[in-house]
Structure formats: structure tokens, C-alpha cells
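Architecture at a glance
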Amino acid sequence: MVLYGREAEHAAVAALLARAWAGQGGALLVRGAAGIGKSELLAEAARRARTAGSRVRVLRTTGTEAESVLPFAGLHLLLRPVLTEDRLASLPAPQANALRGAFGLAEAAPEDRFRIGLAVLTLLSDLAVEQPLLCLVDDVQWLDPSSAEALLFTARRLGDEPVALLLAARDDLPDDGQPSPVPGVPELRLGSLAPEAAAELLADRAPDLADAVRAMVVERSDGHPLSLVETVRALTPEQRAGSAPIPAELPVPARLLESYGARVRGLGRARTALLVAAAESGGELRTVRAAARALGAEPDDLRAAERAGLVTLTGAAVAFRHPLIRAAAYQGADPAERMAAHRALAEADDSGRDPYRTAWHLAAAASGPDEEVAARLDRAGESAWERGAFAASAAAHRRASELSPLPLDRARRLLSAAQVSVVTGRIAQADGLARQAMELTEDRTVRAWLGMVRGAVEDASGNPRTAAYLLLDHAEPLAGRDPGPVVPMLMLAARSAWAARDEGLIGRVAEVAGRVRPEQPVTAALAALAGLVSGVGTSTDSTHDLTAPMASLRFFVDDVRGRNPDSHLVRLLAIDCAALLGDDDAVLGLATAEAVRCLARSTVLSLADVLRALGDVQWATGRLREAAATAAEAEDAAGSTADAAGPGGPLPARRLTAVADRITARAAALAGDEEKCRAALERSAGDDSTAVLALLDLGLGRPEQALRRFEDTLRGGPAAAAALLPFTGDLVEAAVRAGLPGRATGRQAAFTAWADAAGQPWAEAVALRCAALTGPEEAAEERYSAALERHREAGRPFEEARTELLFGEWLRRARRRTEARPRLRNALEAFECLGAVPWAERARGELRAVGETASAAPAARPDPLAVLTPQERQVVRLAAAGTSNRDIAARLFLSPRTVEYHLYKAYPKLGVGSRRELAALADGFPGRLTEVP
């Protein structure tokens, strides 16, 4: 079994066992709070012993408070399996008699005390002659003193015996700080699990737990293993899935609560001060004392709790020695006492320094609906959102809704909670909140905003067509009357309709947008989408004028880049529109900046779309290493998503891993690695696979198959045709090489019209190349030459290399070998740099055909990062770009200490000893997401 976060402790125990099996016996005392994992460590030792087969004998006992007054009770339980008369008879008579007397089998004598310990040592030594021995003693603190004394005697004398004595004791009892129950035995102290280890433990024990719930349990349990597991066990299935609210105070394991509760009750009058401290989670001593004084407590009451080992007072703060003590103090009070404590705290802290905390105290003190408190809590939720505390924001809005007297206010506040949830990827929670709010109101505007939440949920769930219908159904009735929610809904509907490749829905978006402030850049852009789809995809033999829609898109993108608006949806739409314009620089700048924002604000639901756009433009512009890094970014972010829905797992995580697989598939297609390409596409559920597989087919010499793929997809309608527009160069080349150039005529005309309207050099160059391929021979040279001129301004090296290759092939067919060679050399060099293996082979073959002996493909330049693990590679890239450890941790969702560890492991592998030396290697691995244009 895995002991999460206990590698060092496990190693210490393993070393004890290894030494014992080698004949160097010893003892080790494991100490820690109740439930911290001591018993699990002992159980792991037993499992380790079992893996040694029948060679190792295991004896065990556990101290219990009920038997702590019974002499030798624990020792008897330990030895009972081997305590036969034959064994006793084999002992020296005085020892045998003493042991019999200890266990009530004979008359005992006062002088037997020493002999009992010696008898135990002799018995264990005799057993160890037959096979190595492991003795496990749990809850030593509850062992009766006689048993503890005998075991301590034995523990000190095991040096030459193949015996390991592993003990465990709590250190959170009232007599904490007193001598060890087995003084002189080496100690191993167990502390709380690190957050990463706690999350791994929950992932193993409760794999169905939603990520957001897991994070909350980890935070509230402070890395306490038993609390982690027992808390999850107490949650309902809905709470585990994240679709139902989690109680503000999570349940405490019953057996821990009983122990701590008894100690709290023993404080008497000081319980009031302890309750106030438990209710005041910030631990501010001044506030706690002021509130406790208002409830009749005395100034020294907290000192009594400190002397009882329940809290520590340091300077201006009071801290519980363990979160479960706080829970016991709080849950052990009756509801009226808790409400009074919160009311006193609100009054003591009503200075405006922390309105969020005060609002929550007031909410906890409320016995029923209270609009004033609800309003304060609602404002606190808005403040939390602004500070980036998203889960806290949603919780505040949800609780404000519960305290709202009027149904409409309850609905509005549930809407706020749902909006926060959906933006941060808590899909199931957002859907549940939105549906709950829908039942509370008929207000058209509120229902429209709720419809937007549900539309986002549907889109995130892989149902973009349903999402678009839902959004439009709510937006249309408000068009021209209440534009507030309409424009954001239309932006989301447009993106969903585009994802669904549904030109009818795209047209509906345009129609509604025309009735809502058509003069605004964003609504004009929404209307322009329909014009673009119609212009490039209505037919295969004619096109409409694209000047107007392309101009609207251009104006909108430029406006967004100039203003940098606050609206996340506006910025996302601008990325999409920049891609439709073929504007690589705009896409790169907008997507890079938005990825940083998404990561910083945990808006993981949109992160997949942003990283997809970023990876696409990086790939297209030859930034292949950066595209690979973006894929790794998506993989890393997949592990930090905040919601789960159904057996398929976290929805944002699936979208993010699909982005990584899409980038991997494109790189594999370029390299001609069919197996890897198809595997990646299968993992991504075939996300837009036509262009990727067509490129693979072209590279591997299968133009007919590539052409069929394009034609099959084009039958999907104008929206599908518009989506394939950037890949028209592949379609035309496939048709020409298949001997069917006429099959590409309509799409080539649409692309040429689009390229003319877009004015992007790369698109104009590809349009000229297509014209050279399909036009009259006498015009080919001029068109190829013009294409290369445009390529030199374009920044798409793969497209430029293909034009060089096709021009070189044309020159070779025209028997102009000398002129063909430089073209083919340029193509070969570019293909080799890009890792386009089949394309390089094609160029190499053409060079041989013109009489030039082309060398074999050069050995790949060693990748300095190849020796690193994927996680180390991510950390090193960012460190080389000058990113601090804390920022790297935030970016990669790690702890700063984990970052330090990865760098510590990576430096020797790279042969460097500092960040300065690491930066010197940066040319080999360009950074990613390190600058916001």
C-alpha cells in the first residue's frame, strides 16, 4: 500500500527492519497525533515483513485506555500467540515462573519484576533463532505501565538479535511534553501531510471525489490523514461529486471528536473562550478575547486551554494544536452557544477591517432570513471574487441566497454563485445552482443570465449545439429591450455554434446581434461571422464579397487589442476572430496574454480553448518547441480542474488533455509518424481530425486519401467549409497530385477571395502557390516567385518550404536543374529543421533527380531537456526564462518546495549549478507563457 507523503518515514522503518533481518535488532517509536498515520506505518511494516515470506514472524498488540490499569494486559496480547507451555518450559525456571506469575498462571512475587523483562527478552530471542521477528505495539500511551516497562527493558537489549520492535504513541494528549512512554528508544515523529500528498491520498481512497471538494477537504483537515478519509466518508454522493454544498463545518471522525470533546468539556468555564476561538478561524487574539469577554469569559480562560494542551498563545494569535480540537470545541457546543459566539465576534470585529469575515459571522449568527446580513454577505462574495478567492466567493453568494427573504433575491444570489462556479470550471455545481435558481423566479433577465450559465455548462459538457440553442432561446426575447445579458450570451452562442459547425445557428446569432446595438464592434463582429460563413462556404463554384465581414472582424480585433477590455468573453471572441482573419501575430499575442490570465485566475473552463488557439498558431508559425510546451501546459492544467461530471471524470480536464493530444497529433503528422498521430487523435476523440490526417496522408504520399477526407468533411455544410479554409493549400495540392485538380476549384476560389480580404502575407502566398499549381504553365513561374516574396513576410516556415519544394519540382520538370537546386535545398533545410521527415525525404529525392547528391538526414541535435522528467522540463523552462520559484509554483500548480526539488534534481542532469548557468542553455528550449504582449 502507498503511504502518501511518508517516504522518509517509510525509509526509516525499512532501515530498521533491514538491520534487524541482518542481525542488528533495534526499536523505534513512532510519535504523532491521533489519526496522523502511525498505525498505517506499522501496518506497512507488517506488510513488508510478509513480503519476506514465512521467514519473518509478526507479533502485535495495541494499548487501550480501558485496559491501561490492568497489569501486563498489553504484554499478554503481544505474546499470546507464542505463549505455549513448551515455550515457557524452555525458559530458565526463574524467568518462566515470573512470566507465568505476570499472566496470572502462577503466584507472582515482587522480585519478579526484573525477571519478567528478562523473560520477555529471552522468549523473543528464542523465537528469533527460528525466524526473524517483528513486534508491533500501537497506542503505547495506553499500555499498562507494567507492559511498557517490560517492553522498554527488552527494547534496550535487542542489539544482537534479529528482532525489530516498532512502537507507536500519540503525542497530543494532556500530558504532552512529558517523557516518552518508552524513554531512550529512538523516535520518529509524524507530522501533517503536505497538501500534495494529502490530495494523492484522497485520490486513492476516494477516486470519485470532485477536485474542488478534494481541495476543500485537504485545506480544512490540514493534512491529517484520518480526518481526510473520515471526512470524505461522511459526505453524501452529491457532496462528493461537488453538485451539493459542502457544510461550512465538515464532520469530524467520531472517535477523535470524543477524545478531544472530553478534554474540552473538562475546561469548565474556559469552554466559552475556547468556543469563541474556534468560531474565529483567523486566530486573532485581540478579537477572540473581546468577543469572549462579551460572553462573560475571563481574561485567563485561554491560558487554561493552553495549559490543557488544546491551544497555543503566541504574541497576538491563538492557534489550536490541531484542527480537530477546534472542530470538537465548536461542534461540542449547542447551536445557541455557537450563534452567540459568532454574534459576539461580528460585533468585536465590525470595524470594517475584514468585512468578509464579519459577514460570515453575522450569517452564522442568523436564525432565519435576514436581508441586511444577506446583502453584506453578497458584497463579501463580490469582494472575494475581486481578490481571486473564487470558491469563497461562490460560497458567500450561496449562503446569501439562503438568508434572502425574497425569492427573486435568492435567485439573483444563486446566479452569482453559479456564474463564479462555471467560470472556474465547477460544472456540476454551476448546473445545480442554476437549476435551483430557475425554480425561484420568472424574471426574464435573471432567467436569461441563468440560461447563459446552463449554456456554458452544455458547451463544456461537449454539447455545443444544445448550448447554442439554449442561449439563443433566452437571448432573443430580450433583444432590443434589455441588452445587458444579450451580448455576452450571443458571444457564447456564436462560439458554440461555430464549434457545432452549424451555419443555421450562426445565422441566428447574426440576426439577433443585428437588433442589439449593431454599431458596437462586438455585435458587428458577431454579424460578420455569418457573412464570412456564407461567403466562403455557400457553394463550391462561387463566392460572395468578403470585404465587409472581414473588415468588421478586423475592426473588432484591433479594438480589443487596443483597449484590452475586462470582458473575458470579448477577449476569447477576439482570439477566434483573429484566427478567422489568419492574423498569426494577433492570435499569438491575444492567446498568450489570455492563457496567463486564465492560469492566474483559475478560469480553467476557457483555458482549453485559449491553449488550443495558442498551440495552433505556434505550430503554424514554426514554433514547434513552444507548441510542445503548450501541450505540456495543458496536461499540467488538466490536473487542477475544479469539477467533475459523470463517470468520464473532470470535464475541463478532458478538454485540456484533448488540446495536448491535438498538438501531439499535428506534430506527429508533420513527422510522418502515423501510429503516434492516430493514437493522439483517438485520445482527443477525433477533435477536428480532417486537416491533421490529410497532412499525414500528403506527407506519406496518399493524396487521393487526403482529398477524400476533405470532401467528406466539406459535405457538412458551409460552416464546416469555413473551418477548413486555412487548410485549402493542402486540399489543392492533394487534388493536383491525385490528378483531379478540378475537384478543388470552388474551394480554391473561396480561399483566394478570403486571402485577398484578409491581407495576410502567408494566405496570399498560399493562394499564389495554389494558382501556380492549377493555372497555366506559362504563369506558374511568376506565381511561384510572387508566392515566395509574400512568404518572406509571413512567418510560416512550413508553408514557405512547401512552396520552395513545389517550385523546385516545377523547375526540375522544366529541365531547369540548376535553378531548381537552390529551391530544393532551401526546402530540405527547412523541413529538416521542422522535423518534417517525409517532406524532407521528398525534397532529398528531388535533389537527387537534379543531379545533386543529398546527404542522409542529419542526426538530430541533442535536446538538452531530454534527460529530464516532464515535470522537471516544465520547471526548467520557466526557471530559464527568469520566473521565480513562487511564480513557477503558481503556474504549474505545485508548491514552491516541489519546484525547488525539481530544480535540485535537474541541475546535475543538465550539468549546471545555478540559474545563471541554466539561462545560458535557454537557446535550446525557448520559454513559454512568460511574457504578456
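The present account deals with the structure reproduced in this document. (Residues numbered from 1 in each chain as written. Predicted model: local features only at pLDDT ≥ 70, side-chain atom pairs only at ≥ 80, totals over all residues. Heavy atoms only, no water.)

**Describing the side chain of Arg 413**
In plain terms, the rule: Helix and strand assignments come from DSSP, with helices taken as H or I runs of at least 4 residues and strands as E runs of at least 2, each series counted from the N terminus. In what follows, residue pairs with any heavy atoms lying within 4.5 Å of each other are defined as contacts.
Mapped onto the secondary structure, Arg 413 falls in helix H21 (residues 407-423). Ignoring anything within four residues of it in the chain, the contact list for Arg 413 reads Glu 371, Ala 374, Ala 375, Asp 378, His 397, Ala 400, Ser 401 and Ser 404.

**Concerning the side chain of His 791**
Applicable threshold: Within 3.5 Å is the distance limit for a polar contact, defined as a pair of N or O atoms, with the added protein rule that one can donate a hydrogen and the other accept it, and that residues adjacent in sequence qualify only through two side-chain atoms.
Note on placement: His 791 falls in helix H41 (residues 777-791). A polar contact is formed between the side chain of His 791 and the side chain of Thr 803, at a distance of 2.7 Å. Leaving out residues up to four positions away in the same chain, His 791 has contacts with Ala 765, Val 766, Arg 769, Glu 799, Glu 800 and Thr 803.

**Quick word on the pairing of strand S1 (residues 26-32)**
Note the following rule: Think of it in three bands: residues with accessible area under 20% of the maximum for their type are buried, residues over 50% are exposed, and the middle band is partly exposed, with areas taken using a 1.4 Å probe on protein chains only. Any two strands are treated as partners once DSSP identifies two or more bridges connecting them.
The element S1 is extensively covered by neighbouring structure, given that seven of its seven residues are classed as buried. Where burial is concerned, the two faces of S1 agree: the one with Gly 26, Leu 28, Val 30 and Gly 32 and the one with Ala 27, Leu 29 and Arg 31 are both buried. Across seven bridges, S1 lies against strand S4 (residues 163-170) in parallel orientation. Bridge pairing in S4 places Val 30 opposite Ala 168. Inspection of the sheet shows S1 paired to strand S5 (residues 187-189) by three bridges, in the parallel sense. From the neighbouring strand, Leu 29 faces S5, where its bridge partner is Glu 187.

**Some words on empty space enclosed by the protein**
Our working definition: For cavity detection a 1 Å grid was placed over the protein atoms alone, and a set of points counts as a cavity when a 1.4 Å probe fits there but cannot get out; an open set counts as a pocket when protein lies on both sides within 12 Å along at least five of seven lines, with lining residues being those that have an atom within 4 Å of a point. Grid points are joined across faces, edges and corners, and a volume is the space filled by probe spheres set on the points. All residues other than Ala, Val, Leu, Ile, Met, Phe, Trp, Tyr, Cys, Pro, Asp, Glu, Lys and Arg, Gly among them, are scored as polar; the first ten of these are nonpolar and the last four charged.
A complete count under the given rule lists four cavities of 30 Å³ or more for this structure. Quantified by volume, the largest cavity comes out at close to 70 Å³. Lining the largest cavity are Ala 273, Arg 289, Ala 292, Arg 293, Ala 297, Glu 298, Pro 299 and Leu 302. The element best represented in the lining of the largest cavity is helix H14 (residues 285-294), accounting for three residues. Split into classes, the residues belonging to the lining of the largest cavity amount to five nonpolar, no polar and three charged.

**Details of the sheet that holds strand S3 (residues 133-138)**
Just so we agree on the cut-off: Here an angle of 0 to 180 degrees is reported between the N-to-C directions of two axes, which are lines fitted to C-alpha atoms, with helices fitted over the stretch in contact.
Reading across the sheet, the five strands line up as S2-S3-S4-S1-S5 and stay open at both edges, with parallel pairing between neighbours. The sheet is open, and its two borders are formed by strand S2 (57-62) and S5, each paired with just one other strand. Sheet twist, expressed as the average angle between the axes of neighbouring strands with direction ignored, equals 15 degrees. Two elements, S2 and S3, share six bridges in a ladder whose sense is parallel. Of the residues in S3, the one forming a bridge with Leu 59 is Cys 135. Lying on the sheet, helix H1 (residues 7-21) is in contact with S1, S3, S4 and S5; it crosses S4 at an angle near 150 degrees. Relative to S3, helix H2 (residues 38-51) is tilted by about 165 degrees, and along the sheet it contacts S1, S2, S3, S4 and S5.

**Quick word on unusual backbone geometry**
Glycine aside, residues mostly have negative phi, and peptide bonds are mostly found in the trans state. For Asn 564, which is not a glycine, the phi torsion comes out positive at approximately 50 degrees. Residue placement: Asn 564 occurs in the loop between helix H28 (547-563) and helix H29 (568-580). We classify Asn 564 as partly exposed; its relative accessible area is 43%. Positive phi outside glycine occurs at Arg 815, with the angle close to 65 degrees. Within the secondary structure, Arg 815 sits in the loop between helix H42 (797-813) and helix H43 (817-834).

**Quick look at the packing of helix H38 (residues 728-737) against helix H39 (residues 745-758)**
Here is the rule we go by: To sort the angles, those under 35 degrees are grouped as roughly parallel, those over 145 as roughly antiparallel, those from 65 to 115 as roughly perpendicular, and the leftovers as oblique. Helix crossings are classified by the rotation of the near helix relative to the far one: an anticlockwise turn of less than a right angle makes the crossing left-handed, while a clockwise turn makes it right-handed.
For the pair H38 and H39, the least separation of the axes is 10 Å and the interaxial angle reads 150 degrees. By the angle between their axes, H38 is roughly antiparallel relative to H39. In terms of crossing hand, the pair formed by H38 and H39 is left-handed. Across from Thr 728, Leu 731 and Val 732 in H38, the residues of H39 making contact are Arg 747, Gln 748 and Phe 751.

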